[in-house]
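# Fold and contact review
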Amino acid sequence: MRPADQATGEDGNASEMTFTPKTSTGNRALMLEEKLIFEAGGGERTGVDLPAPDTSAPNHLDGLERTQSFGLPGLTEPETVRHYTRLSRQNYAIDLGLFPLGSCTMKHNPRLNEKVARLPGFADLHPLAPIPAIQGALAVIHELADWLKTLTGMPGIAMSPKAGAHGELCGLLAIRHKLEADGDVREVVLVPESAHGTNPATAAFCGYKVEGIPAADDGKIDVEAVIERLGPHVAGVMITNPNTCGLFERDFKKIADAVHDAGGYVYCDGANFNAIVGRVRPGDLGVDAMHINLHKTFSTPHGGGGPGSGPTVFSHSLAPFAPLPTVEKRDEKFVLIEEESAAQSAPESFGRMTAFHGQMGMFTRALAYILSHGADGLRQVSGDAVLSANYILRSLEDVLDAPFGPHGPCMHEALFSDEGFGGDLATLDLAKGLIDEGYHPMTVYFPLVVHGAMLVEPTETESKESLDEFITAFRSVAQRAKAGDETLRNAPYHAPRKRVDETGAARNPRLRWEAPEA
Ligand SMILES: *Cc1c(COP(=O)(O)O)cnc(C)c1O
């Protein structure tokens, strides 16, 4: 029996399939159940020995002693270590298996990067250390900045933004300041309907009114629709290239020229740079500002919510408005241009976005990654990423609807939809079924322009064997979805948690310990 047949039960008998003997502990073999830390804690226990309080001291504050528990969990040191280690084992990570999350570029983080970032000369730096003492760190920032400017073909850069969304803000602030400096105040930013949510959010945060640009039938921007909307009120456009449907916007230059002719600026969301690095220079396409997610394209980790790093590159016209600080090389020494020196060196800078110089650990990792690949290696990265994604697209398009498949190859991510699933099974059911097969699900229900979207990004770091295993698993679940296999509705069967109320958890998070009823 193949594993897939076992999962459904050959005769489709759900009760046979769901039979798992119950254990008294709730543990499943060596996968251990875990309570919330507040449920596990025991009263006044602590992991450290504290001396008894000196109640005889003359200034003892009578009457202010604690009279009831304030609800710290109270675990011993081994209990604490075990709690977090058990939780970490329930997590899925890029170091455990293929992580097909589209739009996120979850690729391998070479250990070399980690080793370099942990060198004491980098890891132990203090952000307020005097400039002569941090020449090496400034050299890293300067050299990484040079690489990013070269790879994008853009003359200006801000290294301090701390994530992609922060880079978007940086880019739009530069556009806003440039327009204001020219006495040309504008109100509208155009954003395609397929854009990542951070794009319209950033434009709105910058005080712009957001107008949507519809997608054409082939998943790309409707060029005529953009041109029609241009005018003296449009500050600029924010376009992702390759776009969030995993397609290269071939008419980008045409759009950029039209935007410039109308006096606006072109922001490019560079989160998908992994697909074109070493092959396309956004500067050649007429981009004025673009962020680069070091934690996507340049292989620095982005688990657990951070840190990210979003250096932002600028065209000639926006470069003078880049935020402080910047690193410059003068007479073989590196200097940091900050507020004191800005009046002379960077008079048009719009100011500062963060307290210090940026994410130093991410800079060292990204530069280690870039130098270990070299220019030819980076070019191979994008080629292999695109090849992997097309291998997946063409291996699955006979069992899954691939809305843009017929229009040609994709870039670094393959887009499918739940069109044609049996019963009323949907994308979520396939995603949950993949968990049973041992895979983190792909990105689901994004981009919004495709109903029931599934965005699969394998990255260049997977071998053909690992892609084949993934395709086999994905195929089997897709076939079950197409056949209307009702058992998928309750997947995952083998995970410690099943279908959690994600919306409820996000809207009504319970983050505070509540005292048990007395
Ligand atoms: C990831 C991503 C962003 C946001 O980047 P963060 O680093 O998460 O802030 C913006 N746009 C696209 C297309 C992305 O994939």
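Scroll up to find the structure this text is about.
Conventions adopted
- All residue numbers here refer to positions counted from 1 along the written sequence of the relevant chain.
- Residue-level local features of this predicted model are given only where pLDDT is at least 70; pairs of side-chain atoms are given and counted only at 80 or more, and the full residue set underlies all totals for whole chains, interfaces and linings.
- Values reported for side chains reflect all heavy atoms of the structure, with hydrogen atoms and water molecules removed beforehand.
- Helix axes are fitted to C-alpha atoms over the stretch in contact, other axes to C-alpha atoms as well, and angles between N-to-C directions run from 0 to 180 degrees.
- Only runs of H or I of at least four residues qualify as helices and only runs of E of at least two qualify as strands under DSSP, and these elements are numbered from the N terminus.
- To sort the angles, those under 35 degrees are grouped as roughly parallel, those over 145 as roughly antiparallel, those from 65 to 115 as roughly perpendicular, and the leftovers as oblique.
- What makes a crossing left-handed is the near helix being turned counterclockwise from the far one by less than a right angle; a clockwise turn instead makes it right-handed.
- Contacts between residues were defined by any pair of non-hydrogen atoms, one from each residue, lying within 4.5 Å.
- Three classes are used: nonpolar for Ala, Val, Leu, Ile, Met, Phe, Trp, Tyr, Cys and Pro, charged for Asp, Glu, Lys and Arg, and polar for all others, with Gly counted as polar.
- Remark: nonpolar core denotes a set of buried residues (Ala, Val, Leu, Ile, Met, Phe, Trp, Tyr, Cys) joined through side-chain atoms within 4.5 Å.
- Buried means the residue's accessible area, taken with a 1.4 Å probe over protein chains only, is under 20% of the maximum for its type, while exposed means over 50%, and partly exposed covers the values in between.
- For this document, the term salt bridge refers to a Lys or Arg side-chain nitrogen within 4 Å of an Asp or Glu carboxyl oxygen.

### Observations concerning the packing of helix H8 (residues 164-181) against helix H9 (residues 198-205)
Contact geometry of H8 with H9 gives a least axis separation of 9 Å together with a crossing angle of 45°. The angle between H8 and H9 places the two elements in the oblique class. You can see that H8 and H9 cross each other, and the crossing is right-handed. Here Ala165, Glu168, Leu169 and Leu172 of H8 come into contact with H9, specifically with Thr198, Asn199, Thr202, Ala203 and Phe205. Of the residues belonging to the contact of H8 with H9, the class tally is 5 nonpolar, 3 polar and 1 charged.

### Overview of the nonpolar core
One finds Leu144, Leu148, Leu294 and Phe298 to be the most contacted residues of the largest nonpolar core, which totals 57 residues. Elements represented by at least two residues in this core include exactly helix H7 (135-152), strand S2 (188-192), helix H10 (223-229), strand S4 (234-240), helix H11 (252-261), strand S5 (265-269), strand S9 (333-337) and helix H14 (360-396). In terms of residues, this core owes the most to one element, H14, which gives 10 residues. Leaving out residues up to four positions away in the same chain, leucine 148 has contacts with Ile157, Met159, Ile292, Leu294, Phe298, Pro311, Val313 and Ile370. In this structure, Ala414, Phe416, Leu425 and Ala491 belong to the second largest nonpolar core, which totals 31 residues.

### Side note on the side chain of threonine 364
Tracing the backbone shows threonine 364 in helix H14. Residues contacting threonine 364, with those up to four places away along its chain left out, are Val116, Ala117, Phe122 and Val140.

### Considerations on the pattern of salt bridges
Within this structure, the stated rule accounts for 24 salt bridges. Here lysine 209 and glutamate 211 are joined by a salt bridge, their closest N and O atoms 3.4 Å apart. The salt bridge involving aspartate 257 is made with lysine 253; its shortest N-O contact spans 2.9 Å. Taken together, the residues aspartate 257 and lysine 253, both in helix H11 and 4 residues apart, mark about one turn of the helix. Note on aspartate 257: relative accessible area 32%, which makes it partly exposed. Here lysine 253 falls in the partly exposed class, since its relative accessible area comes to 37%. Salt bridges here are not isolated pairs; linked through shared partners, they connect Glu114, Arg118 and Arg365.

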